[in-house]
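Chain by chain, the residues run as shown.
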Amino acid sequence: MVKGVKKPEKSNTVAISEQEFELFRALKKTFADRLDNVPPEMVNISRQEYAGLLNTQEKCAEVEKQLHWILEKLALQRHEQFGASSEKSAYDFGQLNLFNEVEYFADEAAEEPSTTAVKEYTRKTRLTTDKLPDSLPEEIVHYTLPPEKRFCLDCGTPLHVIGSEEIRVEVKIVPAKVSLVRYIQDSFGYRTAELEGDHPAVVKAPVDDKPVIKGSFASPEALSHVMCQKMVMGSPLYRLEQEFYRMGIPLSRQTMSNWFIRGAMDWLEPIYNRLHEKLLMHTVLHLDETVFQVLHEPGKTPQSNSYLWIYRTGRDAEHPIVLSDYQPSRAAENAKKFLGAFKGYVHCDGYDGYHDLSADITPVGCMSHCRRRFDKALKILKPKEREGSHSLRGKQFCDELFKIEYELDEEKATPDERYKVRQEKAAPILKEFHEWLLSLGELGQSMFCKAAQYALNQWEYLNNYLLDGRLEISNNRCERTVKTFVIDRKNFLFANTVSGAKASAIVFSIVQTAIENGLDPYKYLVHVFRNAPKLKITGNMDDPENRKNIESLLPETMPDDIKAPLKKSTRVARKRKNNTLRRLPQELGSRPALLFFPFFLTALTLTFPVYLLLQKSP
């Protein structure tokens, strides 16, 4: 019974309070005439009307829940559109806090550093990663006096060089240059009038190189350039067409599309198939998928979605392999068919199709997906509501687990060491995390409740990374590869035909595998397109000679001149940043004046407006 309702004397009437009456009159205007003469302190209505009132209240409560959910989604959408996309925690020490650096670095248990006498101080130059390698070819621009001016203007004494100095160094970048390569074959004949024996009438010079596409003017360099521009640099073919036209070359996108498909199917697909075999020999894989639209696909409308499935090796692979597989749907059968008889661990997200691939496959959940949901729930809260909130607590649990993994990465821990540390440190945190989730009770429809429910539903798979030291806490390794394709897809948008989609999947696989193995993708493709036609590789893996030829073209067998000169590592930049933060306490201790800088800045900020007012006053 609703609070304030008195039990009626008659069985067909119910007494309600004035507040409930006002709500009822607002919602049920049809009863206004009947209720005007009733005293405001107590109203008698029929049970049917009272049931209708309760039903209306339940609908209002449901509408209120829906409104709250819509407001949360709107707040999250505004944040994603206008706010920072980073998931970095606001409480992480990412930037020096000028007013709390002493409290942050304070450690009572730390020993005092010993002091030594320093004779002199040398200022370090600004640290930068923009350093030109010495391996680049050089051009020398030498400024000197001509011979007729190497004399003194007064006495005519000859001048001699007493030294030279380097004024500056510039990097010279020349855009792509196009040239024609004409292959000329000489023919030789006999001068004798008659030929005796079985000698041929004409002898031709042997041709070592074979065309990459028979009947086409595509060269290995041109084909490699088109593939790298599309699948590495993300430049669609219509932009390449415009670039070639500006260079005076009428090369259409249709022609480049034909090159792209023929080169992928004739010479790259056999390498792709061999990499597929080697991929399934591993026991730790990563798996993810993304949308890939195909306009002309049989039985589907152009607006329907197809998918590109990404498979790659884990951190334990000596020679990384990245393969993408085009499929018209997101059905789990596609992954089952690709993985075949694979046995081992598969890193994946929360998609249900990954959880029943095979009895021999153990799914490993992604803690990044779990953390991301708590982060979204935290972003929609007002700043004053975040401290002490459930969303913040859930994210902090995830941060503690990621901190353990980051420390293991910094120490370059072995798989056995990772397994041991995880059992000692991560397992208790996961247990506490799970108990906290269970203590929340019944979950509603809010953003935080969705995050907590996701963590509970995926808990079995989120814990599986503790089973083996080779496993990772997240599927970020595969998601980074997917992100690379998504950036390319934002440019070329879709594939026109199924054959084009399959060719794109093959080329993306080959160039990404080359990059993961430290190769220059352009140089690698040129090497393949020059040698594959001569070796006459085919898709027949049962032929030992053909299999040997394919093995010689795999990324792991490439010579040093195919490798990329430099490989930028985000890990190095991150480590340099952390080392700077670690050195900060010592630097502050060696320069006591820096400790007073925050207070000086505060005083200057407060006094400057007063100074301006005094200047304006008469």
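For the structure, see preceding data.
Residue positions within a chain follow its written sequence, with the count starting from 1. Under the rules for a predicted model, residues below a pLDDT of 70 receive no local features and side-chain atom pairs below 80 are neither given nor counted, while totals for whole chains, interfaces and linings still include all residues. To get the side-chain values, take all heavy atoms of the structure and skip hydrogens and water.

S.K.: An account of a negative patch on the surface is requested, with residue identities and associated values reported.
M.R.: Patch membership is restricted to residues that have no salt bridge and whose relative accessible area is over 30%. Joining uses 9 Å for like charges and 5 Å for the nonpolar side chains Val, Leu, Ile, Met, Phe, Trp and Tyr. For every accessible area listed, the method is Shrake-Rupley and the probe measures 1.4 Å; residues are considered covered only by the protein chains on display. In what follows, salt bridge is the name for a side-chain nitrogen of Lys or Arg lying within 4 Å of a carboxyl oxygen of Asp or Glu. By the counting scheme adopted, Arg and Lys are positive, Glu and Asp are negative, and His together with the chain ends is not counted. Where a charge lies is defined by one atom per residue type, namely NZ (Lys), CZ (Arg), CG (Asp) and CD (Glu). Taken together, the side chains of E407, E411, D416 and E417 make up a negatively charged region of the molecular surface. Helix and strand assignments follow DSSP, with helices taken as H or I runs no shorter than four residues and strands as E runs no shorter than two, numbered in order from the N terminus. Considering the arrangement of structural elements, one finds E407 in helix 11 (residues 390-410).

S.K.: Tell me about the packing of aromatic side chains, and please be specific about residues and values.
M.R.: In this description, an aromatic ring pair is defined by two values, namely the gap between the centres and the angle between the planes. Planes of paired rings set the category: under 30 degrees apart is stacked, over 60 is edge-to-face and the rest tilted, where pairs are Phe, Tyr or Trp rings (Trp by its six-membered ring) whose centres lie within 6.5 Å. Considering all chains together, one arrives at 16 aromatic pairs under this definition. Note on F485 and F508: the rings are 5.4 Å apart at their centroids and 75 degrees apart in plane angle, and the pair reads as edge-to-face. With a gap of 23 residues between them, F485 in helix 15 (residues 476-492) and F508 in helix 16 (residues 498-516) connect regions that are remote in the sequence. Only protein chains enter the calculation, and the probe is 1.4 Å; a residue is then buried if its accessible area is under 20% of its type maximum, exposed if over 50%, and partly exposed in between. What makes F508 buried here is its relative accessible area of 0%. An aromatic cluster is present here, built from F374, F397, F433, W436, F448 and W459 joined pairwise through their rings. A ring has a charge above it when a Lys NZ or an Arg CZ is no more than 6 Å from the ring centre and no more than 35 degrees off the ring normal. The ring of F492 carries the charged tip of K230 above its face, separated from the ring centre by 5.0 Å. We note R330 situated over the ring of Y351; from NZ or CZ to the ring centre the distance is 3.9 Å.

S.K.: An account of the pattern of salt bridges is requested, with residue identities and associated values reported.
M.R.: Tallying each qualifying case throughout the model produces 27 salt bridges. For E556, the salt bridge goes to K278, with nearest N and O atoms at 3.8 Å. Here E556 is found in the loop between helix 18 (544-551) and helix 19 (570-590), whereas its partner K278 is found in helix 7 (residues 253-279), with 278 residues between them in sequence. Taking relative accessible area as the criterion, E556 reaches 32% and is therefore assigned partly exposed. By relative accessible area, K278 is classed as buried at 15%. Residue R422 is joined to E405 by a salt bridge in which the shortest nitrogen-to-oxygen separation is 2.8 Å. Remark: E405 occurs in helix 11 and R422 occurs in helix 12 (residues 415-438); sequence separation between them is 17 residues.

S.K.: How would you sum up the packing of helix 5 (residues 220-231) against helix 17 (residues 521-535)? Please name residues and give values.
M.R.: Where helix 5 contacts helix 17, the two axes come as close as 9 Å, and the packing angle between them is 140 degrees. One finds that helix 5 runs oblique with respect to helix 17. Like other packed secondary-structure pairs, helix 5 and helix 17 cross with a definite hand, here right-handed. Every residue of helix 17 that contacts helix 5 at P220, E221, L223, S224, H225, M227 and C228 is listed here: P521, Y522, L525, V526, F529 and R530. Residues are sorted three ways: Asp, Glu, Lys and Arg are charged, Ala, Val, Leu, Ile, Met, Phe, Trp, Tyr, Cys and Pro are nonpolar, and all the rest, Gly among them, are polar. Per-class residue counts for the contact of helix 5 with helix 17 are nine nonpolar, two polar and two charged. Note on geometry: axes are C-alpha line fits, over the in-contact stretch for helices, and angles between N-to-C directions span 0 to 180 degrees. Should an angle lie under 35 degrees it is considered roughly parallel, over 145 roughly antiparallel, and from 65 to 115 roughly perpendicular; all remaining angles are considered oblique. With the far helix as reference, a near helix turned anticlockwise by less than a right angle produces a left-handed crossing, and one turned clockwise produces a right-handed crossing. Here, two residues are considered to be in contact whenever any of their heavy atoms come within 4.5 Å of each other.

S.K.: Before we move on, could you go through a nonpolar patch on the surface and cite the residues and values that matter?
M.R.: On the surface, L132, L136, V169, V171 and I173 cluster together into a nonpolar patch covering about 500 Å² of accessible area. Mapped onto the elements of the fold, V169 is located in the loop between helix 4 (101-105) and strand 3 (187-189). For V169, a relative accessible area of 54% translates into the label exposed.

S.K.: Pulling in residues and values, what's your account of helix 12?
M.R.: Where helix 12 bends most, the angle comes to about 45 degrees, and this point is R422. All of the buried residues in helix 12 are R418, V421, R422, A426, I429, L430, F433, W436 and L437. Those residues of helix 12 that are buried are in contact with helix 9 (367-379), helix 11, helix 13 (447-457) and helix 14 (459-462). Bend is the name given here to the angle between axes fitted to two runs of seven residues, the run ending at a residue and the run starting at it.

S.K.: Lay out the pairing of strand 7 (residues 307-313) in plain terms, naming residues and giving numbers.
M.R.: Taken across its seven residues, strand 7 has seven buried, putting it largely inside the fold. Alternating positions in strand 7 separate into two faces, Y307, W309, Y311 and T313 on one and L308, I310 and R312 on the other, with burial throughout. Inspection of the sheet shows strand 5 (residues 284-291) paired to strand 7 by seven bridges, in the antiparallel sense. Counterpart to L285 in the pairing with strand 7 is T313. Pairing between two strands requires that DSSP report at least two bridges joining them.

S.K.: Kindly report on the sheet that holds strand 7, identifying the contributing residues and their values.
M.R.: Spatially, five strands are ordered 8-7-5-9-10 in an open sheet, and the strand pairing comes out mixed. What marks the edges here is a single partner per strand, and that holds for strand 8 (322-327) and strand 10 (361-364). Each neighbouring strand pair of the sheet contributes to a mean axis angle of 25 degrees, computed without reference to strand direction. Against the sheet, helix 7 engages strand 5, strand 7 and strand 8, with an angle of about 110 degrees to strand 8. Helix 8 (residues 332-339) rests against strand 5, strand 7, strand 8 and strand 10 of the sheet, and its axis sits at about 40 degrees to strand 7.

S.K.: Residues and numbers for the side chain of T481, please.
M.R.: Residue placement: T481 occurs in helix 15. You can call T481 buried: its relative accessible area is 4%. Setting aside anything within four residues of it in sequence, one finds T481 in contact with I310, R312, V322 and F508.

S.K.: Kindly report on the nonpolar core, identifying the contributing residues and their values.
M.R.: When a protein is soluble and globular, its nonpolar side chains tend to lie buried together. The biggest cluster of nonpolar side chains holds 71 residues, and the ones touching the most others in it are L268, I271, I510, Y524 and F529. For this core, the element with the highest residue contribution is helix 7, accounting for 10 residues. Ignoring sequence-local partners within four residues, the contact set of I510 consists of L268, I271, Y272, L275, Y524 and L525. In terms of nonpolar packing, the next biggest core, distinct from the first, is built from 35 residues, W436, L437, M447 and F448 among them. Throughout, nonpolar core names a set of buried Ala, Val, Leu, Ile, Met, Phe, Trp, Tyr and Cys residues whose side chains join them through atoms within 4.5 Å.

S.K.: Explain the packing of helix 9 against helix 11 residue by residue, including any values.
M.R.: Axis separation between helix 9 and helix 11 bottoms out at 8 Å; the angle between their running directions is 150 degrees. Considered as vectors, helix 9 and helix 11 are oriented roughly antiparallel to each other. Crossing handedness for the pair helix 9 and helix 11: left-handed. For the pair formed by helix 9 and helix 11, the contact residues are M367, S368, C370, R371, F374, D375, A377 and L378 on the first element and S391, L392, G394, K395, C398, D399, L401 and F402 on the second. Residues that form the contact of helix 9 with helix 11 fall into these classes: nine nonpolar, three polar and four charged.

S.K.: Let's hear about the pairing of strand 5: which residues, and what values?
M.R.: For strand 5, the buried fraction is high: seven of the eight residues fall into the buried class. Pairing analysis gives three bridges linking strand 5 to strand 9 (residues 344-347), with the strands arranged parallel. Residue H286 lies in a different strand from strand 9, and its bridge partner there is H347.

S.K.: With reference to specific residues and values, describe helix 18.
M.R.: When we look at burial in helix 18, the residues that qualify are N546, N549 and I550. In an axial view of helix 18, the angular spread of the buried residues amounts to 100 degrees, which keeps them on one side of the axis. The exposed set on the far side of helix 18, more than 90 degrees from its buried face, consists of P544 and K548. Close packing links the buried residues of helix 18 with helix 7 and helix 17. Think of it as the arc spanned by the lines of direction from the helix axis to the C-beta atoms.

S.K.: So, the state of the cysteines: which residues are in play, and what are the values?
M.R.: Two cysteine sulfurs form a disulfide in these notes if their separation is within 2.5 Å. With the rule as written, the count across this model stands at zero disulfides. Here C366 is not disulfide-linked; the sulfur of C348 is the nearest cysteine sulfur, at 8.9 Å.

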